[in-house]
Protein chains: 2
Amino acid sequence: MKKLLGIDLGGTTVKFAILTEAGDILKKWTIQTNVEQEGQHIVPDIIQSIKECLQQEDLTAEDFVGIGMGSPGSVDIHNGTVIGAYNLNWRTLQPVKAQIEQATGIPCYVDNDANVAALGEQWQGAGDGSANVVFITLGTGVGGGIVSEGKLIHGVGAAGEIGHMNVDPNGYLCTCGNVGCLETVASATGIVRLAQDMAQTYKESSSLHTWITNGQEVTAKLIFDKAKEGDLFAQTIVDKFSFYLGYSCGNIANILHPETIVIGGGVSAAGDILLQGVQKYFEKAAFLQVRETTKLKLAQLGNDAGVIGAASLVHQFTI
Amino acid sequence: MKKLLGIDLGGTTVKFAILTEAGDILKKWTIQTNVEQEGQHIVPDIIQSIKECLQQEDLTAEDFVGIGMGSPGSVDIHNGTVIGAYNLNWRTLQPVKAQIEQATGIPCYVDNDANVAALGEQWQGAGDGSANVVFITLGTGVGGGIVSEGKLIHGVGAAGEIGHMNVDPNGYLCTCGNVGCLETVASATGIVRLAQDMAQTYKESSSLHTWITNGQEVTAKLIFDKAKEGDLFAQTIVDKFSFYLGYSCGNIANILHPETIVIGGGVSAAGDILLQGVQKYFEKAAFLQVRETTKLKLAQLGNDAGVIGAASLVHQFTI
C-alpha cells in the first residue's frame, strides 16, 4: 500500500509525517526552520530531510502517492507557489511545489496552513471523516478552513477568512484595516482586549478585575481559568467572547450547513467552558434545521492536525 | 447536439424551457399549476406537457441529456423527492424524479428553487459563467444559493439559508422563531417593517413619513422610489436596509470569496440605488483581498433564471 508524506511548515519548526493512505501515522519527525537569508534554506532543508528519511526507511519515490504541505502566507494552489509568508522571511514568490517535485520525484501539493489543519481535523479529528466540516482556529489571530462535500473551498483564493467576519460595526480596529472583525475579540489577544476594556466599567469584586487594574499581565488562559473558578467578571468576559464566536458559528452554519464546526487553536484549550458558551449563542443564530444537525466540537488532533491534513491534501488533488 | 429541458415549478405556474447544452433557449412555455387535491395533478400535468411538446417538436428522449427541475419545499437531491412544499399543497413525500423518469425515459434531477435560480444566474446571468457565485434573492422572504468551484453547495442539506443569517441579536422576531434574521429587514416585507418602525421616531418633513403616519399602504417599491426622488426619510430607510444587506454580503464573501454576489428577486428591481447602498457597507465588512475581487451585481435573467438554472442542474449531475 502506498504512503502519504505530510509537511507542516511553520516559522519555528517544520513537522513531517509519513502516513498510510488510511491516515495512520507511521513516522513523525521535526526540523528547525532556518529563516535566515530570506528563508532561502527552508526548501533545501526540507528536501534534504525527506531524502535522509527515505534512505533510513529504505523507501523510494514509488512508495508515495504524493507529498502535501501546509504553509503560512498566500498560496497559489494550482502552481504550488507561496508568497508573503513573513514569519518565514518569504517576501518573493517561492516555487515550492516545483522545487520539491524536482528533487524528490514525488508529486507535491501545497495549500495554506489553516486549510490544511481543517483537512486534518475533517479527516482524522473531530470531523470524523464527514464530508462537510468548518474548522476555526483561535490563536494569535483567528483563521479557518472549509471542507464542503469532501473538498476544500477556496473561492477566488481567500475563502475561509472567518477571522475577518464582522461581528460589530462599532467594534475594535483590526490589523486588516476594518473595524469589528471576529479576530479582534475571539483571538488570544482579542479576549484580553475585551477583558481590559470591560475592566474599565466593571464595579463588583473580582480577583481577575483586581489583577487587571493592578496592571498585571493577562492571558486568554488566565481569563478562562478564573471563569472556571467562578470569578463573575471572568465569566462575563467569556460570555461576551462566546456571544461573538457563537453568532459567527451560527451564521457560518446558516450559509454552509456543515455537519461539524471544529474549534481549535491555542484558545480552544479552555475546553468545555468555551464550547458550552459558544453553543448557547450558536443556537440563537442558527436556523432550526441547521441548529438540529450541525454540531460544535473541540479540535482533537492538536499539533498533529497540520501534518495529517497536509498528507490528506494529496487526496484532494488525486481522488 | 443534445438538449436540456428545464422546469421551474411554482405555486401559480410551471415554466418550461428547452435549451441547447450551451445555454441558448430554443423554446419556452408555461402551464398553470393545479394545486387541488393535495397537488396530485402537478407531476402528471408536467409529464403530459413534456410529452405534447416532444411530439410537436418531433423530439424523442434520446434528444435530451436530461431534465432539471427547481421546486419549492425541501428537496432530497439524491432521491429526487420533495416534501413540505406548502404552496403546492405537497405535504407528503413526492417522488418527482422517479415519476418523470418513468414517464419520459429522460434522466431527471431536482433541487430547490433558490439553488436552481442561483445556477441560472451563475451560468447565463450576472455570474457570467464564473465558478464561484453566491445568489441572494430578495422577495417575500430572503433566499440564496451558493455555487463553489462550479458546484452547488448543499452541506448537510440546507446550505444557503442566507435569509436566516443573524444581523441583529436584538432585532425583529422572524417566522423561523429566531430573532434578527436578515429576512426580517431585507425582504419586501422586511424593509416595510423597518420603515414603519423608523417612522415612530422620525421628526423631519418627508412625504413618505406623512404617507406612513396616515396609515396608507407602504411597499418596498414605494420606499425605493421615494428615496430616488430625494425623500430623506426614505433614504434613511434604504441606508439601514443597505447596512444589513451589505454587512451580510461582506461576511458571506469573507467565508466563500466568490467572484460575484448576485442580488435578485422582486426587491432588487430597485436597481442601482440598492446596489450602491449595499456596496458601501459591503466594503466595510469585506477583508481587503475579498473587497478588491468580489463583485456585487444585480441579477440579469429575471423570471428566466429558474428554467435556465433548472436546465443547468442536469450538468451538475452529469459533468
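Note: the structure precedes this text.
Bear in mind the structure is a predicted one, so any value in this text is a computation, not a measurement.

S.K.: Quick question: what am I supposed to make of the overall build of chain A here?
M.R.: Along chain A, the regular secondary structure elements total 12 helices and 12 strands. Taken over the C-alpha trace, chain A has a radius of gyration of 21 Å; the compact-globule value for 319 residues is 20 Å, and the two agree within 12%. When the 319 residues of chain A are sorted by exposure, 58% land in the buried category. Taking the intrachain contacts of chain A between residues at least 6 apart in sequence as the baseline, contacts between residues at least 24 apart amount to 61%. Here chain A has roughly 13,000 Å² of accessible surface; of this, 47% comes from carbon and sulfur atoms. Of note, chain A has its 20 positive side-chain charges centred 4 Å away from the centre of its 33 negative side-chain charges.

S.K.: What is the right way to look at the packing of aromatic side chains in this model?
M.R.: Pairs of aromatic rings are described using the distance from one ring centre to the other and the angle between the two planes. Enumeration according to the criterion identifies 16 aromatic pairs over all chains in this entry. Between Tyr247 of chain A and Tyr281 of chain A, the ring centres sit 6.2 Å apart and the planes meet at 35°, which makes this aromatic pair tilted. Taken together, the residues span a long stretch of sequence, with Tyr247 of chain A in helix H9 (residues 232–256) and Tyr281 of chain A in helix H10 (residues 272–285) at a distance of 34 residues. Exposure class is identical for Tyr247 of chain A and Tyr281 of chain A. Each is buried. Measuring from ring centre to ring centre gives 5.5 Å for Phe243 of chain B and Tyr281 of chain B, while their planes differ by 90°; the resulting arrangement is edge-to-face. Here Tyr281 of chain B lies in helix H10 (residues 272–285) and Phe243 of chain B lies in helix H9 (residues 232–256), a separation of 38 residues in the sequence. A connected cluster of aromatic rings, assembled from ring pairs, spans Phe243, Tyr244, Tyr247 and Tyr281 of chain A. Over the ring of Tyr172 of chain A we find Arg193 of chain A; its NZ or CZ atom is 5.5 Å from the centre of that ring.

S.K.: Can you walk me through the interface of chain A and chain B in this structure?
M.R.: When the parts of a complex come together, some accessible area is lost, and that lost area is often taken as the interface size. Counting residues at the interface gives 39 residues for chain A, matched by 39 residues for chain B. When chain A packs against chain B, the two sides together hide about 3,200 Å² of surface, and 57% of this comes from carbon and sulfur. Contact with chain B buries surface across chain A, with Val156, Ile255 and Phe287 of chain A losing the most and accounting together for 21% of the total. On inspection of chain A and its partner chain B, the count reaches 22 residue pairs in polar contact (both at pLDDT 80 or more). Broken down by secondary-structure element, the contributors of at least two residues to the side of chain A that touches chain B are strand S9 (142–148), H9, H10 and helix H11 (288–291) of chain A. Broken down by element, the residue count for the side of chain A that touches chain B peaks at seven residues, all from H9 of chain A. Grouping the constituent residues of the side of chain A that touches chain B by class yields 19 nonpolar, 14 polar and six charged.

S.K.: Honestly, unusual backbone geometry in this entry has me stumped. Any pointers?
M.R.: What you tend to see is this: most non-glycine residues have negative phi, and most peptide bonds are trans. Residues and elements named next belong to chain B. The phi dihedral of Asn89 is positive, around 65°, even though this residue is not glycine. Here Asn89 lies in the loop between strand S6 (81–83) and helix H3 (96–104). Phi at His257 takes a positive value of approximately 45°, unusual for a residue other than glycine. By the element assignment, His257 lies in the loop between H9 and strand S11 (260–264). Overall, His257 belongs to the buried group, its relative accessible area being 1%.

S.K.: Looking at this structure, how should I read the pattern of salt bridges?
M.R.: One side chain can pair with another of opposite charge once the charged atoms of both are near each other. Residues and elements named next belong to chain B. All told, the structure shown has 12 salt bridges over all chains when counted by the stated rule. For Lys226, the salt bridge is made with Glu229, and the minimal N-O distance between the two is 3.9 Å. Residue Lys226 and its partner Glu229 are both found in helix H8 (residues 220–229); the two are separated by three residues, about one turn of the helix. Exposure remark for Lys226: the relative accessible area of 17% places this residue in the buried category.

S.K.: Please clarify how H8 of chain B should be interpreted in this entry.
M.R.: Working note: α-helix, 3.6 residues per turn, so residues spaced by three or four point in the same direction. Residues Ala220, Leu222, Ile223, Phe224, Lys226 and Ala227 of chain B constitute the buried set of H8 of chain B. Buried residues along H8 of chain B sit against helix H6 (188–199), helix H7 (207–213), H9 and H10 of chain B.

S.K.: I tried to follow the layout of surface pockets on my own but got confused; where do I start?
M.R.: Quantified by volume, the second largest pocket comes out at close to 480 Å³. Residue lining of the second largest pocket: 21 residues in total, with Asn166, Val167, Asp168 and Pro169 of chain A together with Val167 of chain B positioned closest to the centre. Contributions of two or more residues to the lining of the second largest pocket are made by H9 of chain A together with H9 of chain B. Residue classes in the lining of the second largest pocket are distributed as 12 nonpolar, seven polar and two charged.

S.K.: What is the right way to read the state of the cysteines from this model?
M.R.: Simply put, the disulfide is a covalent bond whose two ends are the sulfur atoms of two cysteines. Residues and elements named next belong to chain B. Counted under the stated rule, the structure contains zero disulfides over all chains. In this structure Cys53 is a free cysteine whose sulfur lies 15 Å from that of Cys108, the closest cysteine sulfur available. With no disulfide of its own, Cys249 lies 16 Å from the sulfur of Cys181, the closest cysteine sulfur.

The rules behind each value
Residues numbered from 1 in each chain as written. Chains lettered and ligands numbered in written order. Predicted model: local features only at pLDDT ≥ 70, side-chain atom pairs only at ≥ 80, totals over all residues. Heavy atoms only, no water. Helix = DSSP H or I, 4+ residues; strand = E, 2+ residues; numbered from the N terminus. Rg over C-alpha atoms; globule rule 2.2 N^0.38 Å. Buried < 20%, exposed > 50% of the residue type's maximum accessible area, 1.4 Å probe, protein only. Contact = heavy atoms within 4.5 Å. Areas by Shrake-Rupley, 256 points an atom, 1.4 Å probe, with all protein chains shown as cover. Lys, Arg positive; Asp, Glu negative; His and termini not counted. Charge placed at Lys NZ, Arg CZ, Asp CG, Glu CD. Phe/Tyr/Trp six-rings, centres within 6.5 Å; stacked < 30°, edge-to-face > 60°. Lys NZ or Arg CZ within 6 Å of the ring centre and 35° of its normal. Buried area = accessible area lost by both parts, 1.4 Å probe. Polar contact = N/O pair within 3.5 Å; in protein donor to acceptor, adjacent residues only side chain to side chain. Nonpolar A, V, L, I, M, F, W, Y, C, P; charged D, E, K, R; others polar. Salt bridge = Lys/Arg side-chain N within 4 Å of Asp/Glu carboxyl O. 1 Å grid on protein atoms, 1.4 Å probe; cavity = no way out; pocket = protein on both sides within 12 Å on 5 of 7 lines; lining within 4 Å. Points joined across faces, edges and corners; volume = space filled by probe spheres on them. Disulfide = S-S within 2.5 Å.

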